[in-house]
Amino acid sequence: MAADLGELLVPYMPTIRVPRTGDRVFKSECAFSYDSPESEGGLYVCMNTFLGFGREHVERHYRKTGQSVYIHLKRHIKEKPTGAAGGAIPRRRNGKVFLDLELNCDFNGDEYVCEDEAKLVIFPDHFEIPLPNIEELPALVTIACDAVLNAASAYKKQEPDSWEEEIQVSKHARSLRQQDNGVRIPPSGWKCQKCEMKENLWLNLSDGAVLCGKWFFDGAGGNGHALDHFKDTNFPLAVKLDNITPDIADIYSFDEEEAVLDPQISEHLQHFGIDMIQMQWDGTENGHHNTNNMRPRVSEWEVIQESGMKLKAVYGSGFTGIKNLGNSCYLGTTMQVLFSIPEFQRAYVGNLQRIYDYSPLDPSTDFSTQMAKLGHGLLSGMYSKPPMKSELIEQVTKEEYKHQPKGISPKMFKALVSNGHPEFSSNRQQDAHKFFLHLINLVERNSVGLENPNDAFRYLVEERVQCCQTQKVRYTQKVDYLMQLPAAIEAASNREELIVYEAKRNEAEENMRAPPEPVRARIPFTACLQAFMEPENVPDFWSSELQAKSTGVKTSRFASFPEYLVVQIKKFTFGVDWVPKKVDLSIDIPDFLDLSRLRGTGLQAGEQELPDLTPPIVLPEDTRDNSMNSSDSPEIDESAAMQLAEMGFPLEACRKAVYYTGNMGPEMAFNWIIAHMEEPDFAEPLALPNFMEPGPSVASPGLAATPLDNQPPEESIAILTSMGFPPRHTVQALKATNNNLERALDWIFTHTEREEEEETSDALSDMADTTEPNDNAFSNANTHSNSTLPPDQDASGPRIKDGPGRYELFAFISHMGASTMSGHYVCHIKKEGRWVIFNDHKVCLSERPPKDLGYIYFYRRLSCS
């Protein structure tokens, strides 16, 4: 028999590989679906590429690559026999088979047992060889199989700072001794016990000492008194006070010199009067309970998650949850909303078979494939099946229905879209607003063919800047995807109540007492719209009329209205520690919105335009004296750049920020970083233009905004045209990629199908000037009667879907917590006339959608009646 198996495998031996260092073995997730070893058909792992495939997709990989040998993994989860002893985790019959394979199902470990099965399968005949089979298989095959079965998770093979890196449990956590000294920590008003610092404070979990830190754990510093306290007392663990939420806390071990986990953190905090689960601070004074206990986040958490209500779970297509991978709810909520939009459904799920058929050999690295996979997982209903209700069927299929998958686990998708990103590749909580713009940029880069789902969000902003000295104006347009709406705190309807609360809170802080019950600002939505329309001062405006700096006033209006309007409420401000902190407010968000009065009007009668001149480039004195081709470095305040770099931003990006803000200090440079961090060349070294070339603009139009008058450099156009590409197509490619030559070349190859369409569009552009925009037809940026595009803007401009500015709310994303760096996200989506709450893998009908507490709102255009 051994000889027979050896002869059978001889033709396939050259294709069987042993995983090397750096190889990722995907044995928990299919590359095209969310099938796993726990799925009905199990998972097939290719013995050459180490990619995993469900039963439905393994044939496709075999046909495309010719790879014939796979390991078939199957995990059976069964109920323990009556009387079987319980355990802390499910018992595995073949424990070594699936080493390091995480469990995907939710079940009680005391009641169920795992049985793992592995086979070597040879295609196309599906010949199966049970494993382990050391005596009968060739040595190379045995070594390869053993290496695959014992390989670590594919997501743990990434760089050390990747999102899958796991913080370890502290060796002191379970044996920590806490002093019974009666210390109770108030909910605010903290100060370092050895200095006056109020930021970056750490609570020692042994004696309750509140002291300042000195490590750059979150960009903040201190005087190091927490570390000094450890040296004096050897009390090893401390928790950061302002980052405690019901589900997470930042813990540091001075002895182990690293961030750690404490499985008993809830009990350790309770010792000092902090109820982590409810975020209730049970402070006591002189032995009596304080009746002014503050619960700063519990009300928000309860209201947004609709806690305490009997929510009805829903299942099926469009009601599939997304598992939280650990602070990944910002991703899950964003993707739930995007795939509720028909344009995204059509672009990826509607083209599923075409995308899969033309996917690369490694589909785990292809954006379109992973988007199609995620969309299909959410919309197919395959991973959202209801439990059986019939009592008879329940007895027969008891084991089966209890293990229906509860949502999908987007590990492969997150690894791809976060690859190389300094924030999203970490395992920390992130800003859903930033991730939305990041994904929009990824869709834009990877859109192939005629349909780009971003067209539904894209719109034009008209910016009017008036020189205060000459009264002359300049109109420009930019592309944007999201409307940022100011939170008009000054217009709060309960303003007097807020003033009284603030006075009481300040008094409580000074006297180290528990603060009063918090007061949430109630703001009319109309006030936020009015604040958006208010003129904005531009202090360093360069007046082309005066040929000098002046003071300007800027207003923004819609030059076009998108099909889907995304509105972000600017709830977050930056504290003194540079951490985004949320303002507690409630806004009466309308279900129906009419923004028609915000449409721009262009140059008006009686207005005079500023001359179309480019500001001169100011170079350091020593550079001015040299020739035009001088390679001397520009003058940069390196101390300001290093201060920003210590916050975690790339050094080259910090140097550019300091330079482009005229060495005006780290605060101005920080604002530049926030506005430009989504640009593809954000972290590339500073490259100065020649004297005759226009310099980059200091003012940014926004994270995902693109100026319309960025004419590419002539030399870049010449390089691409010399390669045989049409001049107009090269200009379009450079504009779409921010004048990046490498990306422009890739853009040309992936957008060849659009050339013929654009030539046809040119022939029809004159006709378009005489027609009104509508909901169902594409309108080019320069075809609208109110457009004020530069004269040289051609039909290759941004594609928009202009129409009326009347909208209906259909989804919103809500954030719970004090900062975008912590907390939790959920989303509500209106489906079939009912609001549905998506809270990680849990999907239920909403009883009371908290529209007034949302963070990002999604509106769809109302059809013309």
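All values derive from a computational prediction rather than experimental measurement. (Residues numbered from 1 in each chain as written. Predicted model: local features only at pLDDT ≥ 70, side-chain atom pairs only at ≥ 80, totals over all residues. Heavy atoms only, no water.)

### Focus: the overall build of the protein
Here is step 1: Scanning the protein from terminus to terminus reveals 24 helices and 34 strands.
Here is step 2: In the protein, which comprises 865 residues, the proportion classed as buried is 51%.
Here is step 3: As displayed, the protein offers around 40300 Å² of accessible surface, 50% of which is attributable to carbon and sulfur atoms. (Helix = DSSP H or I, 4+ residues; strand = E, 2+ residues; numbered from the N terminus. Buried < 20%, exposed > 50% of the residue type's maximum accessible area, 1.4 Å probe, protein only. Areas by Shrake-Rupley, 256 points an atom, 1.4 Å probe, with all protein chains shown as cover.)

### Looking at the side chain of Lys27
Here is step 1: The topology assignment puts Lys27 in the loop between helix H1 (2–9) and strand S1 (43–46).
Here is step 2: Among the polar contacts listed, one links the side chain of Lys27 to the backbone oxygen of Leu149, at a separation of 2.6 Å. (Polar contact = N/O pair within 3.5 Å; in protein donor to acceptor, adjacent residues only side chain to side chain.)

### A closer look at the packing of aromatic side chains
Aromatic rings in a pair are described by how distant their centres are and how their planes are angled relative to each other.
Here is step 1: The final tally for this structure, using the stated rule, is 25 aromatic pairs.
Here is step 2: For the ring pair Phe532 and Phe558, a centre distance of 6.5 Å and an interplane angle of 40° mean the geometry is tilted. Highlighted residues: Phe532 in helix H16 (residues 525–533) and Phe558 in strand S21 (residues 548–558), separated in sequence by 26 residues.
Here is step 3: On the accessibility criterion, Phe558 (2% relative accessible area) is buried.
Here is step 4: Ring geometry for Tyr564 and Phe810: centres 5.7 Å apart, planes at 75°, overall edge-to-face. You can see Tyr564 sitting in strand S22 (residues 564–570) and its partner Phe810 sitting in strand S30 (residues 806–816), a full 246 residues away along the chain. Neither residue differs from the other here; Tyr564 and Phe810 are each classed as buried. (Phe/Tyr/Trp six-rings, centres within 6.5 Å; stacked < 30°, edge-to-face > 60°.)

### Details of the nonpolar core
Here is step 1: Among the nonpolar cores identified, the biggest contains 100 residues, and Met335, Tyr348, Leu439 and Phe457 are the most heavily contacted of them.
Here is step 2: Per-element tally for this core: the top contributor is helix H14 (residues 432–446), with eight residues.
Here is step 3: Setting aside its immediate chain neighbours within four residues, Tyr348 contacts Phe339, Ile355, Phe367, Ser368, Met371, Ala372, Val443 and Pro453.
Here is step 4: By size, the runner-up hydrophobic cluster in this structure holds 35 residues, among which are Cys528, Ile589, Leu595 and Phe812. (Core = buried A, V, L, I, M, F, W, Y, C linked by side-chain atoms within 4.5 Å. Contact = heavy atoms within 4.5 Å.)

### So, the packing of helix H19 (residues 651–660) against helix H20 (residues 666–676)
Here is step 1: At a minimum axis distance of 8 Å, the contact between H19 and H20 shows a crossing angle of 120°. By the angle between their axes, H19 is oblique relative to H20. Between H19 and H20 the crossing geometry is right-handed. Counted together, Ala653, Cys654, Lys656, Ala657, Val658 and Tyr660 of H19 and Ala669, Trp672 and Ile673 of H20 form the full contact between these two elements. (Axes fitted to C-alpha atoms, helices over the stretch in contact; angles between N-to-C directions. Parallel < 35°, antiparallel > 145°, perpendicular 65-115°, else oblique. Left-handed = near helix turned anticlockwise from the far one by under 90°.)

### Some remarks on the sheet that holds strand S11 (residues 258–260)
Here is step 1: Across the sheet, which stays open at both edges, the five strands sit in the order S8-S7-S9-S10-S11 with antiparallel pairing between neighbours. Strands at the two margins of the open sheet, each flanked by one partner only, are strand S8 (210–212) and S11. Within the sheet, the average angular offset between the axes of one strand and its neighbour, ignoring direction, is 40°.
Here is step 2: Relative to S8, strand S7 (residues 201–204) runs antiparallel, the two being bridged by three bridges. (Pairing = 2+ DSSP bridges.)

### Regarding the confidence of the model for the protein
Here is step 1: Confidence in the prediction of the protein, expressed as mean pLDDT, is 78, and 75% of residues score 70 or more.
Here is step 2: Counted against residues more than four places away or in other chains, residues 157–165, with its pLDDT under 50, gives 25 contacts.
Here is step 3: Segment residues 753–795: pLDDT under 50, and 75 contacts once partners within four positions in sequence are set aside and those in other chains are kept. (pLDDT = per-residue confidence, 0-100.)

### Regarding the environment of Val183
Here is step 1: Note on placement: Val183 falls in the loop between helix H3 (139–149) and S7.
Here is step 2: Placed 25 residues apart in sequence, Val183 and Gly208 show a C-alpha to C-alpha distance of 6.2 Å.
Here is step 3: Beyond its immediate stretch of four places on either side in the chain, Val183 contacts Asp207, Gly208, His271 and Phe272.

### Thoughts on helix H7 (residues 329–338)
Here is step 1: Judged by how many residues are buried, H7 sits mostly within the fold: 10 of 10 residues are covered.
Here is step 2: If you check which residues of H7 are buried, you get Cys329, Tyr330, Leu331, Gly332, Thr333, Thr334, Met335, Gln336, Val337 and Leu338.

### Focus: H3
Here is step 1: Turning to H3, its buried residues are Val141, Thr142, Ala144, Cys145, Val148 and Leu149. For H3, the angular spread of the buried residues around the axis is 165°, confining them to a single face. (Arc of directions from axis to C-beta.)

### Quick word on the packing of helix H8 (residues 342–349) against helix H10 (residues 367–379)
Here is step 1: Contact geometry for H8 and H10: axes closest at 8 Å, N-to-C directions at 120°. The two elements H8 and H10 cross, and the hand of that crossing is left-handed. Residues Phe344, Gln345, Tyr348 and Val349 of H8 form the contact with H10, whose own contacting residues are Phe367, Ser368, Met371, Ala372, Gly375, His376 and Leu379.

### Quick notes on empty space enclosed by the protein
Here is step 1: With the rule as written, the count across this model stands at four cavities of 30 Å³ or more.
Here is step 2: Space inside the largest cavity adds up to approximately 70 Å³.
Here is step 3: Taken together, Ile322, Lys323, Asn324, Ser328, Cys329, Gly332, Thr333, Gln336, Cys827, Phe838, Asn839 and Asp840 form the lining of the largest cavity.
Here is step 4: Looking at the lining of the largest cavity, the elements with two or more residues in it are H7 and strand S32 (834–839). (1 Å grid on protein atoms, 1.4 Å probe; cavity = no way out; pocket = protein on both sides within 12 Å on 5 of 7 lines; lining within 4 Å. Points joined across faces, edges and corners; volume = space filled by probe spheres on them.)

### Observations regarding the pattern of salt bridges
Here is step 1: Under the definition given, this model contains 27 salt bridges.
Here is step 2: Here Arg346 makes a salt bridge to Glu343, at a shortest N to O gap of 3.7 Å. Taken together, the residues Arg346 and Glu343, both in helix H8 and three residues apart, mark about one turn of the helix.
Here is step 3: The exposure class of Glu343 is buried, given its relative accessible area of 5%.
Here is step 4: Measuring nitrogen to oxygen at the nearest pair gives 3.2 Å for the salt bridge that ties Glu463 to Lys478. One end of the pair, Glu463, is in strand S16 (residues 459–467); the other, Lys478, is in strand S17 (residues 473–480), with 15 residues separating them in the sequence. In this structure, Glu463 and Lys478 share a single accessibility class: buried. (Salt bridge = Lys/Arg side-chain N within 4 Å of Asp/Glu carboxyl O.)

### Description of the environment of Pro562
Here is step 1: Turning to its location among the elements, Pro562 is positioned in the loop between S21 and S22.
Here is step 2: Look at Pro562 and you get buried, because its relative accessible area is 0%.
Here is step 3: With 80 residues separating them along the chain, Pro562 and Leu482 place their C-alpha atoms 9.7 Å apart.

### Here we look at the pairing of S16
Here is step 1: Extensive coverage of S16 is indicated by the burial of eight of its nine residues.
Here is step 2: As paired strands, S16 and S17 are joined by eight bridges and run antiparallel to one another. Residue pairing for S17: Val461 is matched across the bridge by Lys478.
Here is step 3: From the end of S16 to the start of S17, which pair antiparallel, there are five residues, and Gln471 there has a positive phi angle of about 65°.
Here is step 4: Relative to S21, S16 runs antiparallel, the two sharing seven bridges. Opposite Glu462, over in S21, you have Arg557 as the bridge partner.

### Here's the deal with unusual backbone geometry
Here is step 1: Phe123 connects to Pro124 through a cis peptide bond whose omega is 10°.
Here is step 2: Residue position: Pro124 is located in the loop between strand S5 (112–122) and strand S6 (127–131).
Here is step 3: Residue Pro132 follows Leu131 across a cis peptide bond; omega there is -5°.
Here is step 4: With respect to the helices, strands and loops of the structure, Pro132 is situated in the loop between S6 and H3.
Here is step 5: With a phi close to 65°, Phe50 is a non-glycine residue in the positive phi region.
Here is step 6: Structurally, Phe50 can be placed in the loop between S1 and strand S2 (52–53).
Here is step 7: We note that Gln471 has phi near 65°; this positive angle belongs to a residue other than glycine.
Here is step 8: Topologically, Gln471 is positioned in the loop between S16 and S17.

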